[in-house]
Amino acid sequence: MRGIHFKRRIEKKFIADKLGVSTRQLRKYETGEAYVPMEKAYILARLLGVKVDDLYILEEEER
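A brief look at the structure comes next.

Focus: the overall build of the chain
Helices and strands together make up the secondary structure of the chain, namely five helices and zero strands. Ordered by position from N to C terminus, the α and β elements of the chain give α-α-α-α-α. A burial count over the chain gives 38% of its 63 residues as buried. The contacts of the chain with a sequence gap of at least 6 include a subset with a gap of at least 24, amounting to 49%. Summed over its atoms, the accessible surface of the chain is roughly 4300 Å², and 50% of this surface lies on carbon and sulfur atoms.

Laid out in structure tokens, this is it:
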């Protein structure tokens with residue numbers, strides 16, 4: 001998931017607020033330390049303009 005929001009020019013704080021998580025937790029999602037829970041993945045995908053699948057595909061490609 002890393003870098004997707006930068007391409008869309010969306011602030012981390014805005015995304016974290018919409019997901020109801022801290023920016024620290026958002027960072028864990030970005031780095032792969034934690035997976036985005038499915039209920040939050042739908043919100044995140046909508047914010048970023050991608051499919052839910054894309055969040056996980058991009059994450060796997062980075063490893």
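Observations concerning the nonpolar core
Counting residues in each nonpolar core, the largest one holds 16 residues, and the members touching the most others are Ile15, Leu44 and Leu55. Within the residue set of this core, elements represented by two or more residues are helix H2 (12-19), helix H3 (23-31), helix H4 (38-48) and helix H5 (52-62).

Brief notes about the packing of H2 against H3
It is at 9 Å that the axes of H2 and H3 come closest, and there the two elements cross at 100 degrees. In this view, H2 runs roughly perpendicular relative to H3, as classed from their interaxial angle. Side by side, H2 and H3 meet where Lys12, Lys13, Ile15, Ala16 and Leu19 of the first sit next to Thr23, Leu26, Arg27 and Glu30 of the second. By residue class, the composition of the contact of H2 with H3 is four nonpolar, one polar and four charged.

Calculation rules
Residues numbered from 1 in each chain as written. Predicted model: local features only at pLDDT ≥ 70, side-chain atom pairs only at ≥ 80, totals over all residues. Heavy atoms only, no water. Helix = DSSP H or I, 4+ residues; strand = E, 2+ residues; numbered from the N terminus. Buried < 20%, exposed > 50% of the residue type's maximum accessible area, 1.4 Å probe, protein only. Contact = heavy atoms within 4.5 Å. Areas by Shrake-Rupley, 256 points an atom, 1.4 Å probe, with all protein chains shown as cover. Core = buried A, V, L, I, M, F, W, Y, C linked by side-chain atoms within 4.5 Å. Axes fitted to C-alpha atoms, helices over the stretch in contact; angles between N-to-C directions. Parallel < 35°, antiparallel > 145°, perpendicular 65-115°, else oblique. Nonpolar A, V, L, I, M, F, W, Y, C, P; charged D, E, K, R; others polar.

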